[in-house]
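A closer look at the structure
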Amino acid sequence: DARVTQTPRHKVTEMGQEVTMRCQPILGHNTVFWYRQTMMQGLELLAYFRNRAPLDDSGMPKDRFSAEMPDATLATLKIQPSEPRDSAVYFCASGLVSDGEVTSNQPQHFGDGTRLSIL
Amino acid sequence: TQLLEQSPQFLSIQEGENLTVYCNSSSVFSSLQWYRQEPGEGPVLLVTVVTGGEVKKLKRLTFQFGDARKDSSLHITAAQPGDTGLYLCAGIDNYGQNFVFGPGTRLSVLP
């Protein structure tokens, strides 16, 4: 079965360091989502892309977070500088949405996440 | 403001028992999805409900979307230890402005 691949699976670093998380969406999917999951806040949508263009990044702290899709096979989420409150599990999900379809009606396929700890 | 609320927050039952978990909102949703998440993994989609009053069955799982499209329920018959996990509902509100996940119900089925 095709899967969304996220790297690294775990990352521990000191505050102030740059963190880059990578996601390889399922081949052929045209929509990519970034989520953050914590015990307190649950799953929060940070940003999503359609055909590599950012459609919504309102959930993302823009002063330190940035999300890009350099090509159709790679999505990145960067934090610079990182802070302890950024500690969470970050998930990437991808999906295939046709023109005219409502995003939420379509399944999102999640990766296994990057567990990030900022000391 | 939490757009989606789920109850109960935690549920621990014995194998073979039936259970129902709920997803509620004050907002109307164009559709709702249910996901199950196991430790160390990402959520996996179980079902999408679109029409008010819709009922969908997936083996021992029955999903219902409220008539007003503000709530949904998941009923599990004869629960098994393999059903253990975090059950999340998610959806986009009727204005198309917010895509959110609920906080989840953490289910533990004991053998």
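What comes next concerns the included structure. Bear in mind the structure is a predicted one, so any value in this text is a computation, not a measurement. (Residues numbered from 1 in each chain as written. Chains lettered and ligands numbered in written order. Predicted model: local features only at pLDDT ≥ 70, side-chain atom pairs only at ≥ 80, totals over all residues. Heavy atoms only, no water.)

1. Observations concerning the overall build of chain B
Let me state the cut-off plainly: Secondary structure counts use DSSP, requiring at least four H or I residues in a row for a helix and at least two E residues in a row for a strand, with both numbered from the N terminus. Radius of gyration: C-alpha atoms only; globule rule: 2.2 Å multiplied by the number of residues to the exponent 0.38. For every residue, the accessible area (1.4 Å probe, protein chains only) is compared with the maximum for its type, and the residue is labelled buried under 20%, exposed over 50%, or partly exposed between those bounds. Whether two residues are in contact is decided by their heavy atoms, any of which lying within 4.5 Å being enough.
Helix and strand content of chain B: zero helices and 11 strands. The N-to-C order of helical and strand elements in chain B reads β-β-β-β-β-β-β-β-β-β-β. Its C-alpha atoms give chain B a radius of gyration of 13 Å, within 12% of the compact-globule value 13 Å for 111 residues. In terms of overall dimensions, chain B has C-alpha extents of about 45 × 30 × 20 Å along its principal axes. Across the 111 residues of chain B, 44% fall into the buried class. Considering only residue pairs separated by 6 or more positions, chain B has 54% of its internal contacts joining residues 24 or more positions apart.

2. What to know about the overall build of chain A
Note the cut-off: Accessible surface area values rest on a Shrake-Rupley calculation with a 1.4 Å probe, where residue burial reflects the displayed protein chains alone. By the counting scheme adopted, Arg and Lys are positive, Glu and Asp are negative, and His together with the chain ends is not counted. By convention, the point assigned to a charge is CZ for Arg, NZ for Lys, CD for Glu and CG for Asp.
Per the secondary structure count, chain A includes zero helices and 11 strands. On C-alpha atoms alone, chain A measures out to a radius of gyration of 14 Å, which is about the 14 Å that the 2.2 N^0.38 rule sets for 119 residues. Taken over 119 residues, chain A has a buried fraction of 47%. Counting contacts in chain A only where the partners sit at least 6 residues apart, residues at least 24 apart contribute 57% of the total. With an accessible surface of roughly 6100 Å², chain A has 48% of that area assigned to carbon and sulfur atoms. Of the side chains in chain A, 12 bear a positive and 14 a negative charge, and the two mean positions are spaced by 4 Å.

3. Topic: the layout of surface pockets
Counted only if it meets this: Think of a 1 Å grid over the protein atoms and nothing else: a 1.4 Å probe that fits but is trapped marks a cavity, an open set flanked by protein within 12 Å on at least five of seven lines marks a pocket, and residues with an atom within 4 Å of a point count as lining. Grid points are joined across faces, edges and corners, and a volume is the space filled by probe spheres set on the points. Residues were grouped as follows: Ala, Val, Leu, Ile, Met, Phe, Trp, Tyr, Cys and Pro as nonpolar; Asp, Glu, Lys and Arg as charged; and all remaining residues, including Gly, as polar.
The computed volume of the largest pocket comes to approximately 660 Å³. Lining the largest pocket we find 32 residues, and of these A:Gln37, A:Thr38, A:Met39, B:Leu86 and B:Arg106 sit closest to its centre. At the level of elements, strand E4 (31-38), strand E9 (88-95) and strand E11 (114-118) of chain A together with strand E9 (85-93) and strand E11 (105-110) of chain B are the ones that each hand at least two residues to the lining of the largest pocket. Here the lining of the largest pocket is composed, by residue class, of 12 nonpolar, 14 polar and six charged.

4. Points about the nonpolar core
Side chains of nonpolar character tend, in soluble globular proteins, to be buried together. How we decide: Only buried residues count toward a nonpolar core. Its members are Ala, Val, Leu, Ile, Met, Phe, Trp, Tyr and Cys residues joined through side-chain atoms within 4.5 Å.
Among the nonpolar cores identified, the biggest contains 23 residues, and B:Trp34, B:Phe63, B:Leu74 and B:Ile76 are the most heavily contacted of them. In this structure B:Phe63 touches B:Trp34, B:Leu46, B:Val47, B:Val49, B:Glu54, B:Val55, B:Lys56, B:Leu58, B:Ser73 and B:Leu74, once residues within four positions along its chain are discounted. A:Phe49, A:Ile79, A:Cys92 and A:Ile118 belong to the second largest nonpolar core, which has 22 residues in total.

5. Some details on the pattern of salt bridges
Residues and elements named next belong to chain A. Formally: Take a side-chain nitrogen of Lys or Arg and a carboxyl oxygen of Asp or Glu: if they are within 4 Å of each other, that pair is a salt bridge.
Scanning all chains against the criterion turns up eight salt bridges over all chains. Here Asp112 makes a salt bridge to Arg3, at a shortest N to O gap of 2.9 Å. With Asp112 in the loop between strand E10 (109-110) and E11 and Arg3 in the segment before strand E1 (5-7), this residue pair connects regions lying 109 residues apart in the sequence. Here Asp112 falls in the partly exposed class, since its relative accessible area comes to 23%. Relative accessible area serves as the criterion here: at 52%, Arg3 is assigned to the exposed category. In this structure, the salt-bridge partner of Arg85 is Glu83, at a minimum N-O distance of 2.5 Å. Residue Arg85 is classed as exposed on the basis of its relative accessible area of 60%. Given the relative accessible area of 23%, Glu83 is considered partly exposed. Connected via shared salt-bridge partners are Arg64, Glu83, Arg85 and Asp86.

6. Details of the state of the cysteines
Just so we agree on the cut-off: Pairs of cysteine sulfur atoms within 2.5 Å are identified as disulfides in what follows.
For the structure shown, the criterion picks out two disulfides over all chains. Residue pairing for A:Cys23: its cysteine sulfur links by disulfide to A:Cys92, the two sulfurs lying 1.9 Å apart. Between A:Cys23 and A:Cys92, the S-S dihedral sits near -60°, and the bridge is therefore left-handed. Placement of A:Cys23 in strand E3 (residues 19-24) and of A:Cys92 in strand E9 is noted, with a sequence separation of 69 residues between them. On the basis of relative accessibility, which here comes to 1%, the residue A:Cys23 falls in the buried class. Here B:Cys23 is linked by a disulfide to B:Cys89, with a sulfur-sulfur distance of 2.0 Å. Because the torsion about its S-S bond is 75°, the bridge between B:Cys23 and B:Cys89 counts as right-handed. Highlighted residues: B:Cys23 in strand E3 (residues 19-24) and B:Cys89 in strand E9, separated in sequence by 66 residues. One exposure class covers both B:Cys23 and B:Cys89, and it is buried.

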